[in-house]
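Spelled out, the chains give:
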Amino acid sequence: MSSFLVSHDHWLSPARRSPSPHFNTRPDVNDISLLVIHNISLPPGQFGGSYVEDFFLGNLTSTAHPFFDEIRDVQVSSHLFIRRDGEVVQFVPFNGRAWHAGQSCFCGRENCNDFSIGIELEGTDTLAYTNEQYRALKGVTEALVKRYPAITPDRITGHEHIAPGRKTDPGSAFDWTRYIQSLNNV
Ligand SMILES: [Zn+2]
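Computed from a predicted structure; not experimentally measured.

The next point concerns the environment of Val 36. Take Val 36: it is sitting in strand 5 (residues 34-40). Along the sequence, Val 36 and Pro 14 sit 22 residues apart, while their C-alpha atoms lie 20 Å from each other. Beyond its immediate chain neighbours, meaning those up to four positions away, Val 36 contacts His 100, Ser 116, Ile 117, Gly 118, Ile 119, Thr 157, Gly 158, His 159 and Ile 162.

Okay, structure coming up:
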């Protein structure tokens, strides 16, 4: 049994809603058939605080850290963000096209943002993710698969796999076996 549920209007509960302006319309709103796992931390390697959320909302103060000035014009988002303590934040409804994958290709099909849901884990490529994150990710994934059954286990992937050479997340620290084997009714 999953404790998470996707509502009729494509928002997850329980999750904290933090609506981002960084999204647009999917070319086919009925094609939601890929799940992409990512990581992010801002500044890189530092956890907690509001910087990632600020970034996805377009509110990051570029003077707060030297790295923030480098990404000042970058407009990105994800559907979900799972913090180190397992808190789940949603920025874009699942029927919206979030901007998480960039130039990407899955099984010969490009522009994965068109047909995927993006989940960002707060973390880095090399530091182990927390038990709370695996627990939340399992529950969230089960709820998503139930609502969007075209997301089969072989259509759950990492950013590094759909943008090889360009992206490295979620990295070697992410335990794919643990994650996939934890899933029930998927
Ligand atoms: Zn990524």
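Still more to cover.
Next up on the list: the pattern of salt bridges. Within the structure shown, the criterion is met by seven salt bridges. A salt bridge links Glu 53 to Arg 16; the nearest nitrogen and oxygen atoms lie 3.0 Å apart. Of this pair, Glu 53 sits in helix 1 (residues 51-57) while Arg 16 sits in strand 3 (residues 16-17), placing them 37 residues apart in sequence. Look at Glu 53 and you get buried, because its relative accessible area is 12%. Overall, the relative accessible area of 33% leaves Arg 16 in the partly exposed class. Notably, a salt bridge pairs Asp 31 with Arg 109, separated by 2.9 Å at the nearest N-O pair. A residue pair is termed long-range when its members are at least 10 positions apart, and Asp 31 in the loop between strand 4 (23-25) and strand 5 and Arg 109 in strand 10 (residues 109-110) qualify at 78 residues. Owing to a relative accessible area of 18%, Asp 31 belongs among the buried residues under this scheme. The network of salt bridges with shared partners includes Arg 16, Glu 53 and Glu 87.

Within the fold, Asp 175 resides in the loop between helix 4 (159-162) and helix 5 (176-182). Owing to a relative accessible area of 33%, Asp 175 belongs among the partly exposed residues under this scheme. Along the sequence, Asp 175 and Phe 67 sit 108 residues apart, while their C-alpha atoms lie 28 Å from each other. Of the polar contacts made by the side chain of Asp 175, one reaches the backbone nitrogen of Arg 178; its length is 2.9 Å.

Across the sheet, six strands lie side by side as 3-7-6-11-5-12; this open sheet has mixed pairing. Each having just a single partner strand, strand 3 and strand 12 (156-158) make up the two edges of the open sheet. Relative to strand 7 (residues 88-90), strand 6 (residues 80-82) runs antiparallel, the two sharing three bridges. Among the inter-strand pairings, Leu 80 is bridged to a residue of strand 7, identified as Gln 90. Across the sheet, helix 3 (residues 131-147) lies against strand 5, strand 6, strand 7, strand 11 (116-122) and strand 12, angled at about 170° from strand 11, the strand it touches most.

A word on the side chain of Ser 62. Along the chain, Ser 62 falls in the loop between helix 1 and helix 2 (66-70). If we skip the residues at most four places from it in the chain, Ser 62 touches Phe 68, Asp 69 and Arg 72.

Here helix 3 contains 17 residues, and its C-alpha end-to-end distance of 25 Å stays within 8% of the 24 Å for a straight helix at 1.5 Å per residue. Gln 133, Tyr 134, Ala 136, Leu 137, Gly 139, Val 140, Thr 141, Glu 142, Ala 143, Leu 144 and Val 145 are the residues of helix 3 that are buried.

Considering all chains together, one arrives at ten aromatic pairs under this definition. Consider the rings of Trp 176 and Tyr 179, whose centres lie 6.1 Å apart with planes at 50°: the pair is tilted. Taken together, the positions of Trp 176 and Tyr 179, both in helix 5 and three residues apart, correspond to about one turn of that helix. With a relative accessible area of 21%, Trp 176 lands in the partly exposed category. Aromatic rings pair up to connect Tyr 129, Tyr 134, Phe 174, Trp 176 and Tyr 179 into one cluster. Geometry around Phe 115 places Arg 109 over its ring, the cationic atom sitting 3.8 Å from the centre.

Parameters at a glance
Residues numbered from 1 in each chain as written. Predicted model: local features only at pLDDT ≥ 70, side-chain atom pairs only at ≥ 80, totals over all residues. Heavy atoms only, no water. Helix = DSSP H or I, 4+ residues; strand = E, 2+ residues; numbered from the N terminus. Contact = heavy atoms within 4.5 Å. Salt bridge = Lys/Arg side-chain N within 4 Å of Asp/Glu carboxyl O. Buried < 20%, exposed > 50% of the residue type's maximum accessible area, 1.4 Å probe, protein only. Polar contact = N/O pair within 3.5 Å; in protein donor to acceptor, adjacent residues only side chain to side chain. Pairing = 2+ DSSP bridges. Axes fitted to C-alpha atoms, helices over the stretch in contact; angles between N-to-C directions. Expected span 1.5 Å × (residues − 1). Phe/Tyr/Trp six-rings, centres within 6.5 Å; stacked < 30°, edge-to-face > 60°. Lys NZ or Arg CZ within 6 Å of the ring centre and 35° of its normal.

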